[in-house]
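In case you want the letters, here they are:
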Amino acid sequence: MGDRFEYVDVRVDGDDGPIVSGFSARIAAVGLTAVTGPSGAGKTTLVRLLNRLDDPDSGGVLLDGEDVRSYDVLALRRRVQYVGQVPVTFPGTVAANLGCADPSVLLQRVGLPASMAGREADRLSVGEAQRMCLARALALEPEVLVLDEPTSALDTTSKEGVEALVVSLAADGLTVVMVTHDPRQASHLADHVLEVPGK
Amino acid sequence: MTDLSGAIGYKDVALAVALVAVGAAVSRVRRLDLEGDMLIATVRSFVQLLAIGYVLAFVFDGHGGMSAALLAVMTVVAALTAGGRAKRVPGARVVAGIALASATLATLGVLTALGIVPVDARTIVPLGSMVLSNAMASAALVMTGLRDDLAAHRREVEARLSLGHTSHQASLPWHRRALRTGMLPIVDNTKVVGLVALPGAMTGMILAGAEPLEAIRLQLVVMYMILGGNAFASVVAGELTVRRLFTADHQLVRSLRRTPR
């Protein structure tokens, strides 16, 4: 299998000059790709282009060989699920957050007990909430999972749990793209490493 | 019956300035440092109201066709004021202008189409200005509230967008809250009218010698008109603000999302 994404000479401008410029790289379709690089290199900026939360100021991003802007943006975002650093829970129960009446299979997949379905989402611990966010992303049956430092807000135990979960999702055939500033996480978990150069 | 219609001369206005002098004296004694502002406010109110008095006299005196032009000027001033207060919304003045113009046209249109008030400069201009001045505050509240809420809840908004929600769906909780913020003051005012305050149009008519019940019927029309005008302006301002804060591709505009790198 080839590449899922390709960055072609991407430039994204910030308030004072470009955040990234002249960036070209590929992301493999299979396995877990860690996006690493120094703080301020533009890692978050780059992965936000994958589901079009932002667009580059010049250059382009290809998904399966086609410019991401050629797809319907709402359909693209369901295919390419993005989970941020800090888990975002919506008002209501876990089941309501997951948008289904019987979320036990989803909960099991992310290592949460089925009994959690009726809990208010804002009462979850940060680790539980991050797993719920992963379940919410998986509910849409995406082809790609983009994770922006998914463990940075977690303590060591929940961090290891989420890491194992992410590895298993990649092994199940999802394309997983994970931003990390932690070289250990990149070398231990990732099948591929995409190094974003600093300036 | 005694009434004040035609009874107030410029001499009386000058005497009423004595009350401002009392305020200025208090400011001086208590060192509030407001005497200068009071002087400016007194002079400005005199000049502005006298000027609009001559304009109204001209329009009412056989130049009714100028009513639309007068209301248009008022709308522009109101739009600049509301837009200036909500200036962090991109294109705020245009958003406010469209909201205020459509609210004024809609409410005056309903009032005249139903035959509640005659199509006449003497009714259209004052009623239009009341709709405008109230809707101006509502539109500014909706625009600033929505913009600041979406900026503060950027993560939640983008989490919703990431799940495939449209910009309208993703902003809905804060859109709803902004509309409530914009409309609650007038709803509350309408609830307590007559209990807490005797409103301006009614007191004015009573002072000018009208029967209280006649004045009250007019005031009711005015209140409902203002309520409707505020609701209309809020809805239009909210809708247009959402469109200005998201791109056509359901992305938050960059001014709202300074992201960590």
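These figures come from a predicted structure and were not determined experimentally.

**Q** Would you take a moment to explain the overall build of chain B for this structure?
**A** When you go through chain B residue by residue, the secondary structure sums to nine helices and zero strands. Along the chain direction, N to C, the helices and strands of chain B fall in the order α-α-α-α-α-α-α-α-α. Oriented by its inertia axes, the alpha-carbon framework of chain B measures out at about 70 × 55 × 35 Å. Buried positions account for 33% of the 261 residues belonging to chain B.

**Q** I tried to follow the overall build of chain A on my own but got confused; where do I start?
**A** From N to C terminus, chain A includes seven helices and nine strands. Against the compact-globule benchmark of 16 Å for 199 residues, chain A has a radius of gyration of 17 Å, which places it among compact chains. Oriented by its inertia axes, the alpha-carbon framework of chain A measures out at about 50 × 35 × 35 Å. Looking at chain A as a whole, 46% of its 199 residues are labelled buried.

**Q** Where do I start with the interface of chain A and chain B in this structure?
**A** Accessible area lost when the parts come together is the quantity often used to give the size of an interface. Taken together, the contact between chain A and chain B spans 22 residues of the former and 15 residues of the latter. At the level of secondary structure, the elements contributing two or more residues to the side of chain A that touches chain B comprise helix 1 (43-47), helix 2 (73-79) and strand 6 (80-83) of chain A. When grouped by side-chain class, the residues that make up the side of chain A that touches chain B number nine nonpolar, seven polar and six charged.

**Q** Would you take a moment to explain the sheet that holds strand 4 (residues 58-63) of chain A for this structure?
**A** Strand pairing in a sheet is mediated by backbone hydrogen bonds. Such pairs are either parallel or antiparallel. Pairing is antiparallel in the open sheet, where four strands are placed in the order 2-1-4-5 (chain A). Pairing within the sheet leaves two strands with one partner each, and these edge strands are strand 2 (17-28) and strand 5 (66-67) of chain A.

**Q** What am I meant to see in the nonpolar core here?
**A** In a soluble, globular protein the nonpolar side chains are often hidden away together inside. Ranked by internal contacts, the top residues of the largest apolar core, which has 118 residues, are Val176(A), Ala96(B), Ala99(B), Leu100(B), Ala139(B), Met143(B) and Ala237(B). Element by element, the count of residues in this core is highest for helix 5 (residues 121-152) of chain B, at 15 residues. With residues up to four places along the chain from it excluded, the contact list for Ala96(B) reads Ala79(B), Ala82(B), Gly83(B), Ala86(B), Ala139(B), Met143(B) and Ala237(B).

**Q** Even after reading the chapter, I still don't get the environment of Ala7(B), so can you show me in this structure?
**A** Of note, Ala7(B) is situated in the segment before helix 1 (10-29). Residues Ala7(B) and Pro90(B), spaced 83 residues apart in sequence, show a C-alpha to C-alpha distance of 49 Å.

**Q** Could you clarify how one ought to interpret the confidence of the model for chain B in this entry?
**A** Detailed reading of the predicted coordinates is not advisable wherever pLDDT falls low. All names here are of chain B. Taken over all residues, the pLDDT of chain B has a mean of 93, while the share at 70 or more is 98%. Looking over chain B, one finds the lowest element-wise mean pLDDT in helix 8 (residues 200-207), namely 88, and the highest in helix 4 (residues 92-113), namely 97. Among the scores for the predicted complex, ipTM is 0.94 and pTM is 0.88.

**Q** So what exactly am I meant to see when it comes to helix 4 of chain B here?
**A** Structurally, the α-helix is built with 3.6 residues per turn, so residues lying three or four positions apart point the same way. All names here are of chain B. Its 22 residues give helix 4 an end-to-end C-alpha distance of 31 Å, which sits within 8% of 32 Å, the value for a rise of 1.5 Å per residue. Every buried residue of helix 4 is accounted for by Ala92, Val95, Ala96, Gly97, Ala99, Leu100, Ala101, Ala103, Thr104, Thr107, Leu108 and Leu111. Where helix 4 is buried, its residues contact helix 3 (67-85), helix 5 and helix 9 (212-245). Directly beyond the C-terminal end of helix 4, a positive phi value near 75° is found at Gly115.

**Q** Sorry, what's going on with the domain arrangement of chain B here?
**A** All names here are of chain B. One can read the domain layout of chain B as domain 1 (1-61) and domain 2 (64-256). Taking only C-alpha atoms, the centre of domain 1 and the centre of domain 2 are 29 Å apart. Counting residues at the interface gives eight residues for domain 1 and 10 residues for domain 2. Here the side of domain 1 that touches domain 2 is built from residues that sort into six nonpolar, one polar and one charged.

**Q** Where do I start with the packing of helix 4 of chain B against helix 5 of chain B in this structure?
**A** The relative placement of two packed helices is expressed as an angle between their axes plus a distance between the axes. Residues and elements named next belong to chain B. Contact pair helix 4 / helix 5: the axes reach a minimum separation of 9 Å and the direction vectors enclose 140°. Looking at the two axes, helix 4 sits oblique to helix 5. In this structure, helix 4 meets helix 5 at a crossing whose hand is right-handed. Contacts from Ala92, Val95, Ala96, Ala99, Leu100, Ala103, Thr104, Thr107, Leu108 and Leu111 in helix 4 reach Ile124, Leu127, Gly128, Val131, Leu132, Ala135, Met136, Ala139 and Met143 in helix 5. Looking at the contact of helix 4 with helix 5 residue by residue, the classes come out as 16 nonpolar, three polar and no charged.

**Q** Quick question: what am I supposed to make of the pairing of strand 3 (residues 32-36) of chain A here?
**A** Consecutive side chains of a regular strand alternate in pointing toward one face of the sheet and then the other. Among the five residues in strand 3 of chain A, five count as buried, and that is most of the element. In strand 3 of chain A, alternate side chains face the same way, and those of Leu32(A), Ala34(A) and Thr36(A) on one face and Thr33(A) and Val35(A) on the other are all buried.

**Q** Hey, could you run me through the sheet that holds strand 3 of chain A in this one?
**A** Residue and element names in this part refer to chain A. With parallel pairing, five strands are arranged side by side in an open sheet as 6-7-8-3-9. Pairing within the sheet leaves two strands with one partner each, and these edge strands are strand 6 and strand 9 (192-195). Mean inter-strand twist for the sheet, computed between neighbouring axes without regard to direction, equals 20°. When strand 7 (residues 144-148) meets strand 8 (residues 175-179), the two strands line up parallel, connected through five bridges.

**Q** I keep staring at the packing of helix 7 (residues 167-192) of chain B against helix 9 of chain B and nothing clicks. Help me out?
**A** Residue and element names in this part refer to chain B. Running from N to C, helix 7 and helix 9 point in directions that differ by 160°, and their axes come no closer than 10 Å. The angle between helix 7 and helix 9 places the two elements in the roughly antiparallel class. The way helix 7 lies across helix 9 gives a crossing that is right-handed. Taking contact as the criterion, the partners of Ser167, His168, Ser171, His175, Ala178, Leu179, Gly182, Met183, Ile186 and Thr190 in helix 7 are, on helix 9, Met223, Ile226, Leu227, Asn230, Ala231, Ser234, Val235, Gly238 and Val242. Here the residues of the contact of helix 7 with helix 9 sort into 10 nonpolar, nine polar and no charged.

Rules and cut-offs
- Residues numbered from 1 in each chain as written.
- Chains lettered and ligands numbered in written order.
- Predicted model: local features only at pLDDT ≥ 70, side-chain atom pairs only at ≥ 80, totals over all residues.
- Helix = DSSP H or I, 4+ residues; strand = E, 2+ residues; numbered from the N terminus.
- Buried ≥ 20, exposed ≤ 12 C-beta atoms within 10 Å, placed from the backbone.
- Rg over C-alpha atoms; globule rule 2.2 N^0.38 Å.
- Contact = placed C-beta atoms within 7 Å.
- Nonpolar A, V, L, I, M, F, W, Y, C, P; charged D, E, K, R; others polar.
- Pairing = 2+ DSSP bridges.
- Core = buried A, V, L, I, M, F, W, Y, C linked by C-beta atoms within 7 Å.
- pLDDT = per-residue confidence, 0-100.
- Expected span 1.5 Å × (residues − 1).
- Domains from an automatic or database assignment.
- Axes fitted to C-alpha atoms, helices over the stretch in contact; angles between N-to-C directions.
- Parallel < 35°, antiparallel > 145°, perpendicular 65-115°, else oblique.
- Left-handed = near helix turned anticlockwise from the far one by under 90°.

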